[in-house]
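# Fold and contact review
The primary structure of each chain is shown beneath.
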Amino acid sequence: MSTSSTHEVTKLLLAWRQGDETAFDRLIPLVYRELHHLAKRYMRRERAGHTLQTTALVNEAYLHLVDCGNVQWQNRAHFFAVAARVMRQILVDYARGRRSDKRGGQELHVALDEAAEVPQARSVDLIALDDALQSLARIDLRKSRVVEMRFFAGLTLEEIAEVFKVSSRTVSRDWELAQAWLYREMSNR
Amino acid sequence: MSVVMTTERWRQIERLFHAALNCDANQRAEFLASACAGDDELLREVNSLLVARDKAKGVMAENAFQAYAREIAADNAESTPSEALRDDSQNAISELSTEQHLPGSFALSPGTMLGERYLIERKIGRGGVGIVFLARDKRLHNAAVVIKLLAEGLLDLENRAWFEKKFRQEVYALARIDHPGVVRALDVLERRRPLRAGGDVRASFAVHAHADLAGPGL
């Protein structure tokens, strides 16, 4: 990542924080390229037996893309919000690719709760989740974004609260209702 | 849900959903019946969300990325893990060479003092994951010791925790073995360095007895 791109990303993040919504859209391709590249590298590590952390991945992208001499916590939270959108795009695109893959043909089921201590893995179909999130966005945009940030980029409630300038209790309530709503929506399909 | 939802209706549902969760479970039905005041559709809506909430527990407890990684890994299963690791550590060195990623100050040069006790004399070797230095124990009359630390290329942010853990496990295992054929582990040191971006990085150093001087039979 060149220095000029680093300045560009930092500038766009600041613009977005100050209310320029177009900055968000201009950030996405810049972040996409970096995250996609990092994700591929992380895959190889995962295969080599390492533990993967989305937050670590996004944090690494952040360190690459943002001028760290000018770093602020709010910048990081806002960067993660963009990254969440990008991660959603990458993961859902990938799931769609798998579905139409000549070898696969079946849906990608994402196993969750994979910690060794948790005996039963739950799973969520990312494509169905993406569709349900689009429906949720039409009813309650903030809740869909909360899910995006929490589920696709691993942001904490406090970080999400910072992005929306609301209390973390509000984010926690958003997250709770959104999960229930999405679950019901996906079950009804 | 096919019915068009007004913002007002949605706020109503949201309010009742949270209010119901704050009720004792045995009073919930009564509370909702009274709060919905004959609006059966509202009651059904809130109830179905409460049911979904219980079923949804844990479904999104962790985020989506790990599984994606496994899928990719399965797709590329033809190459071996060791190849992947080698490939990766090269990448890590070339891509993560910026100051905020690698703990440059962890590089030990002759004359560096570690933990106010071990004086680095010179580098004596480098293996796949570690670098080995000869040092002098200033508290024990300059006794020769060997200091091992993880190679820097493996010490980027994401891999660190895993390697550090393995590194320490090895040291603790060696520390329990007392056999003339096994180099004793004497100590583990840790150094921290703050990152400009916040947080810090840590590196473990293992101190081993120097094999040549460790005793008879070696």
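Reading the values: rules and limits
- Every chain's residues receive numbers from 1 upward, in the order its sequence appears when written.
- Chains carry letters from A onward and ligands carry numbers from 1 onward, assigned in written order.
- Reporting of local features is limited, given that this is a predicted model, to residues whose pLDDT is at least 70; pairs of side-chain atoms are given and counted only at 80 or more, and all residues count toward the totals for whole chains, interfaces and linings.
- Water and hydrogen atoms play no part in the side-chain values, which are based on all heavy atoms of the structure.
- The numbering of helices and of strands both runs from the N terminus, where a helix is a DSSP run of H or I of at least 4 residues and a strand a run of E of at least 2.
- Exposure classes here rest on a 1.4 Å probe applied to the protein chains alone. A residue is buried below 20% of its type maximum, exposed above 50%, and partly exposed in between.
- Calculation of accessible area relied on Shrake-Rupley with a 1.4 Å probe; when residues are assessed, cover is drawn exclusively from the protein chains displayed.
- Take the buried residues of types Ala, Val, Leu, Ile, Met, Phe, Trp, Tyr and Cys, join any two whose side-chain atoms come within 4.5 Å, and each joined set is a nonpolar core.
- The contact rule is simple, with two residues in contact once any of their heavy atoms fall within 4.5 Å.
- Only when DSSP finds a minimum of two bridges between them are two strands counted as paired.
- In what follows, salt bridge is the name for a side-chain nitrogen of Lys or Arg lying within 4 Å of a carboxyl oxygen of Asp or Glu.
- Every axis corresponds to a line fitted to the C-alpha atoms, with the helix fit spanning only the stretch in contact, and the corresponding angles, defined between N-to-C directions, vary from 0 to 180 degrees.
- Should the near helix be turned anticlockwise from the far one by less than a right angle, the crossing is left-handed, and should it be turned clockwise, the crossing is right-handed.
- Just so you know the grouping, Ala, Val, Leu, Ile, Met, Phe, Trp, Tyr, Cys and Pro go in nonpolar, Asp, Glu, Lys and Arg go in charged, and all remaining residues, Gly too, go in polar.
- In this scheme, roughly parallel covers angles under 35 degrees and roughly antiparallel covers those over 145, while 65 to 115 is roughly perpendicular and the rest are oblique.

## Re the overall build of chain A
- In terms of helices and strands, chain A carries eight helices and two strands.
- Element order for chain A, N to C, with α for helix and β for strand: α-α-α-α-β-β-α-α-α-α.
- In chain A, buried positions account for 53% of the 189 residues.
- In the structure as shown, chain A presents an accessible area of about 8,000 Å², 47% of it carried by carbon and sulfur atoms.

## Looking at the nonpolar core
- With 72 residues, the main nonpolar core has Leu35, Phe79, Leu129 and Leu182 of chain A as its most contacted residues.
- Considering each element in turn, this core owes the most residues, twelve residues, to helix 4 (residues 73–100) of chain A.
- Among residues more than four places away in sequence, those in contact with Leu182 of chain A are Leu129, Ala132, Leu133, Leu136 and Val147 of chain A together with Met60 of chain B.
- Counting residues in hydrophobic clusters, the runner-up holds twelve residues, among them Ile120, Ala135, Leu149 and Leu189 of chain B.

## Regarding the pairing of strand 4 (residues 143–150) of chain B
Residues and elements named next belong to chain B.
- Where burial is concerned, most of strand 4 is hidden: six out of the eight residues are buried.
- For strand 3 (residues 130–137) and strand 4, the ladder comprises eight bridges, and the chain directions are antiparallel. Counterpart to Val132 in the pairing with strand 4 is Lys148.
- The hairpin formed by strand 3 and strand 4 contains five residues between the paired strands, and His141 there has a positive phi angle of roughly 50°.

## What about the pattern of salt bridges?
- Enumeration according to the criterion identifies 21 salt bridges over all chains in this entry.
- For Glu148 of chain A, the salt bridge is made with Arg145 of chain A, and the minimal N-O distance between the two is 4.0 Å. Of this pair, Glu148 of chain A and Arg145 of chain A both sit in helix 6 (residues 141–153), three residues apart, roughly one helical turn. When sorted by exposure, Glu148 of chain A lands in the same class as Arg145 of chain A, which is buried.
- Notably, a salt bridge pairs Asp39 of chain B with Arg9 of chain B, separated by 2.8 Å at the nearest N-O pair. One end of the pair, Asp39 of chain B, is in the loop between helix 2 (25–36) and helix 3 (40–56); the other, Arg9 of chain B, is in helix 1 (residues 7–22), and 30 residues separate them in sequence.
- Because the salt bridges share partners, they merge into one network encompassing Asp140, Arg142, Lys143 and Asp174 of chain A together with Arg11 and Glu14 of chain B.

## Comments concerning the packing of helix 2 of chain B against helix 3 of chain B
Residues and elements named next belong to chain B.
- Packing of helix 2 against helix 3 leaves a shortest axis separation of 9 Å and a crossing angle of 145°. For helix 2 against helix 3, the interelement crossing comes out right-handed. Where helix 2 abuts helix 3, its residues Arg28, Leu32, Ala33 and Cys36 lie against Leu42, Leu43, Val46, Asn47 and Leu50.
- Among the residues making up the contact of helix 2 with helix 3, the classes are represented as seven nonpolar, one polar and one charged.

## Thoughts on the packing of helix 5 (residues 126–139) of chain A against helix 8 (residues 168–187) of chain A
All names here are of chain A.
- At a minimum axis distance of 9 Å, the contact between helix 5 and helix 8 shows a crossing angle of 120°. With respect to each other, helix 5 and helix 8 are oriented oblique. The crossing of helix 5 and helix 8 is right-handed. Contact with helix 5, carried on its side by Ala128, Leu129, Ala132, Leu133, Ser135, Leu136 and Ile139, involves Ala178, Trp181, Leu182, Glu185 and Met186 of helix 8 and no other residues of that element.
- The residue inventory of the contact of helix 5 with helix 8, partitioned by class, reads ten nonpolar, one polar and one charged.

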